[in-house]
Amino acid sequence: MPATQSASFNIRKVAVCGAGVMGAQIAAHCVNAGVPVVLFDLAAKEGDKNAIVRRAIAQLQKISPAPLASNALADHIVPANYDDDLGLLAGCDLVIEAIAERLDWKRDLYHKLAPALGPDTLVASNTSGLSIASLAEALPETLRPRFCGVHFFNPPRYMHLVELIPTADTMAPLLDRLETFLVSRLGKGVVRARDTPNFIGNRIGVFGILSVFKQAEAFGLSYDLVDDLTGRRLGRAKSGTFRTADVVGLDTLAHVVGTMRDQLPNDPFHAHFEVPTVVSALIEKGALGQKTKAGFYRKDGKAILRLDPASAEYVPAGAAAGDAVKAILAERDPALRLAALRESVDPQAQFLWAVLRDTFHYSAVHLADIADNARQIDEAMRWGFGHDQGPFEIWQAAGWRQVAEWIADDIAAGRALSDAPLPDWVTRGKVWEAQAVHTPEGSYSPSANVWRARSALPVYRRQIGAPRLLGEGPAIEPTIVHENDAIRCWTLPAPHPEDVLIVSFKTKMHTLSPEVVHGVMHAVDLAEAGYKALVIGQLDEPFSAGADLKAMMPAFAAGGVTAVEPAEREMQAMAMRLRYAGVPVVAAIAGLALGGGCELSVHCARRVAYLESYIGLVEAGLGLVPGGGGLTYCARRAAELQAGSAPDAPLLAYLKRFAMTVATARVSKSALDARDIGYLQDSDPIVMNRHELLYVAVREAANLAEHGRHAPMPARFPAAGRDAIATLKAQLVNMRVGGFISDYDFHVAEQIAHAMCGGDIDPGSLVDEAWMLGLERDAFLGLLAQPKTQERITGFLKTGKPVRN
């Protein structure tokens, strides 16, 4: 394909070949992003020839965690088979092959697909480690410039990392456009990898797993203890190592290890590229991990058991790190922390130093082979394996020269897994002088001996406040307009709109303390005085976990309900201040938006939400009703929906969904689900990449201001009244009789129905927001005085889990 044609390349429709676990879930994530998909697989031997694909699509709606952001999206995946439907490929801009990891099978499929592809179609193989150049050999020469590798991590909806692997023939402009599509449309973090076995993420990550296996055995540590040590305590995924292996699948792990063993015979660490004996034994028994309900762990009722390798039996799990190691890992200075691990005689500490050293050593030896620069390894481990920091970041933070000397000493003493020396770039030249691989100039590239700056692709200009690696410096230089202990008001530098004010919260989980509530209203004052619009958003998740109950309880303990009422009124005043602000207010939502966070967002002029936003009015779980305007919003929104679609339909038809959602404290499973519930509206944009959220929100706010968006005029609206309360109460009685809710759940839900329907008034009576706010305030304060509600709140504050009473 001529280079001049690449400028028109646009991915509007995707074909995925292979309806297995990965292929079907890649298809699901494409439709999550609004990209229609044709999903191919073999023709069924009997009956419906698309039966294999139809079963895969149906299964997508049952899997947990859900691959689909909304089950309705399954309708946008078109089933197809290779016998009858290859003609559909001509209408697809991107074809992703995702069949089993067999080089011969993939090549055979390419021979079948090639004649049916459009002249501009881009083809990518989703493989975890096969040679992309070898796969390309099966394609016609004219197609090779449009071919590359693309490695999604599992599960595709939730894992941020996608590796992009070009061949020598892949056209650079097309690769740039594919990266842009993956980043902005599918929301991924893209790392470009060299065409080497297992690429970057699995090469480093699986070596790290093998090191954990080796060192755990050497130090005599149990699987559950190792998982406690290598989980959140070490800044890694909470599942640790062995539980992660169960989730991934022990057969999958064995396959990746086998690829390293077979394709890397000259690797200086090759002696350790063997599937661990315990893994082989489990696979032989059919214990493949989570998918077979047994692996290193097994559930027995509610009890979690772990494998005892000595007896091959399952025993109770629950071992935790010792106090000495906990204290070391709690040390905030990375240099002191790493030194303490290395110098300790505690086997747990020695184990942790060994696995960190092994990964440092391996990453350094192979950086030049598998990646262009150190950033690619660190981001692959962050995005693909859930590490807070990549290996080079940890090394740099602890002192580059000191750690390098420790590694060299261990190599010389025979304690390392290989006698391969550290490469010259580690111990001399730019890195040794800078004592860093990541600097404000860029990340070190050993092959070019330069600091490699981040990608200049335009798509990355959309990322505001995206996390940077240690040593890189801040992503943006904001202008601080106002700041205190609770909130920060700031603006973006040019070329972003500088006349849009942003307010962010500084509380834990971005909860709405009284100071934050006051701060939000002050931000509205500032915006009205000197800016075109206001955005409420955070640089990190969550958006807001709701009202700060911990801050409220001392006032309640000292003065009872009366002491809490002013704060309750302030929450409601904030909601109304946002709704009737003199400038457009936009909420930029990512992650949790619960309780007061949800109430805040629904009263803004618009919301921009990241796909993975979980929004809900959850107060019922604590024995309360939403008291910051949430029930008022639901009642008003139901009336708006009725007036806008079917004025003659009963109001309850629109209100019932809100009432039952709030009464059951249901939280949306995605931004799309929140739109179905009614917490987001059709006009609210949904973004796929978390780091583009503020970019879109600021421009949405500026656009609303530019087009003269004004606050609505206060108006009365019809309430459902006493008849609707009776109908809802009857449904709640059925739920109580059926055992779905407790007696106290029923009582709380009654209060929700009463307030949301406008109280004991005639159906269709016109009410205003002041009336509705008064009802929800009375219900909130009345329930707060109840002992069972207090039990729920106290229990939640102690354990973080709702209490059922």
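These lines cover the structure that appears in this document, whether it is placed above or below. (Residues numbered from 1 in each chain as written. Predicted model: local features only at pLDDT ≥ 70, side-chain atom pairs only at ≥ 80, totals over all residues. Heavy atoms only, no water.)

### What about helix α16 (residues 400-412)?
Heads up, the rule is: Secondary structure elements are taken from DSSP: a helix is a run of H or I of four residues or more, a strand is a run of E of two residues or more, and numbering for both begins at the N terminus. Expected span, for any helix, means 1.5 Å times one less than how many residues it has. Relative accessible area decides the class of each residue, using a 1.4 Å probe on protein chains only: under 20% of the type maximum gives buried, over 50% gives exposed, and in between gives partly exposed. What the arc measures is the spread of directions leading from the helix axis to the C-beta atoms. The contact definition used throughout considers only heavy atoms, calling two residues in contact when any of these lie within 4.5 Å.
With 13 residues, α16 ought to run about 18 Å at 1.5 Å a step, and its terminal C-alpha atoms sit 18 Å apart, in line with that. Burial in α16 covers these residues: Trp400, Val403, Ala404, Trp406, Ile407, Asp410 and Ile411. What you see down the axis of α16 is that its buried residues fit within an arc of 160°, all on one side. Looking at the packing, one finds that the buried side of α16 touches α12 (334-343), α13 (347-370), α15 (391-398), α17 (424-427) and α18 (429-434). Once α16 finishes, glycine 414 follows within two positions and takes phi at roughly 80°, a positive value.

### Overview of the environment of alanine 638
Examined against the element boundaries, alanine 638 turns out to sit in helix α22 (residues 630-645). The exposure class of alanine 638 is buried, given its relative accessible area of 0%. Spatially, the C-alpha atoms of alanine 638 and alanine 720 are 9.5 Å apart, while their sequence positions differ by 82 residues. Contacts of alanine 638, omitting those with residues within four sequence positions, involve Leu651, Tyr654, Leu655 and Phe658.

### A closer look at the packing of aromatic side chains
Which entries qualify depends on this criterion: Ring pairs shown here join Phe, Tyr and Trp side chains whose ring centres sit within 6.5 Å, with only the six-membered ring taken for Trp; geometry is labelled stacked below 30 degrees between planes, edge-to-face above 60, and tilted in between. By definition, being over a ring means that NZ of Lys or CZ of Arg is both within 6 Å of the ring centre and within 35 degrees of the ring normal.
Counting across every chain of the model gives 22 aromatic pairs. Between tyrosine 223 and phenylalanine 242, the ring centres sit 4.5 Å apart and the planes meet at 50°, which makes this aromatic pair tilted. Here tyrosine 223, found in helix α7 (residues 223-229), pairs with phenylalanine 242, found in helix α8 (residues 242-248); they are 19 residues apart in sequence, far enough to count as distant. Per residue, the accessibility class of tyrosine 223 equals that of phenylalanine 242, and both read buried. Centroid distance phenylalanine 273 to tyrosine 362: 6.3 Å. Interplanar angle 80°. Geometry classified as edge-to-face. Of this pair, phenylalanine 273 sits in the loop between α9 (250-263) and α10 (277-284) while tyrosine 362 sits in helix α13, placing them 89 residues apart in sequence. A residue is classified by how much of its surface remains accessible, and tyrosine 362, at 0% relative accessible area, is buried. Aromatic rings pair up to connect Phe360, Phe392, Trp395, Trp400, Trp425, Tyr444 and Trp451 into one cluster. Geometry around tyrosine 297 places arginine 243 over its ring, the cationic atom sitting 4.0 Å from the centre. Sitting above the plane of the tyrosine 695 ring, arginine 699 keeps its charged end 3.7 Å from the centroid.

### What to know about the sheet that holds strand β18 (residues 533-537)
Backbone-to-backbone hydrogen bonds join strands into a sheet, with any given pair of strands oriented parallel or antiparallel. As a reminder of what qualifies: The criterion for strand pairing is that DSSP finds at least two bridges linking the strands in question. A fitted line through C-alpha atoms represents every axis, and for helices the fit uses only the stretch in contact; the resulting angles, taken between N-to-C directions, go from 0 to 180 degrees.
Here seven strands make up an open sheet; going across it, the order is β15-β16-β17-β18-β19-β20-β21 and the pairing mixed. Since the sheet does not close on itself, it has two edges, and those belong to β15 (479-483) and β21 (686-687), each with one partner. Both β15 and strand β16 (residues 487-491) contribute to a ladder of four bridges, which runs antiparallel. Residue pairing for β16: histidine 482 is matched across the bridge by cysteine 489. The strands touched by helix α19 (residues 514-530) within the sheet are β15, β16, β17 (500-505) and β18, with β17 carrying the most contacts at an inclination of about 175°.

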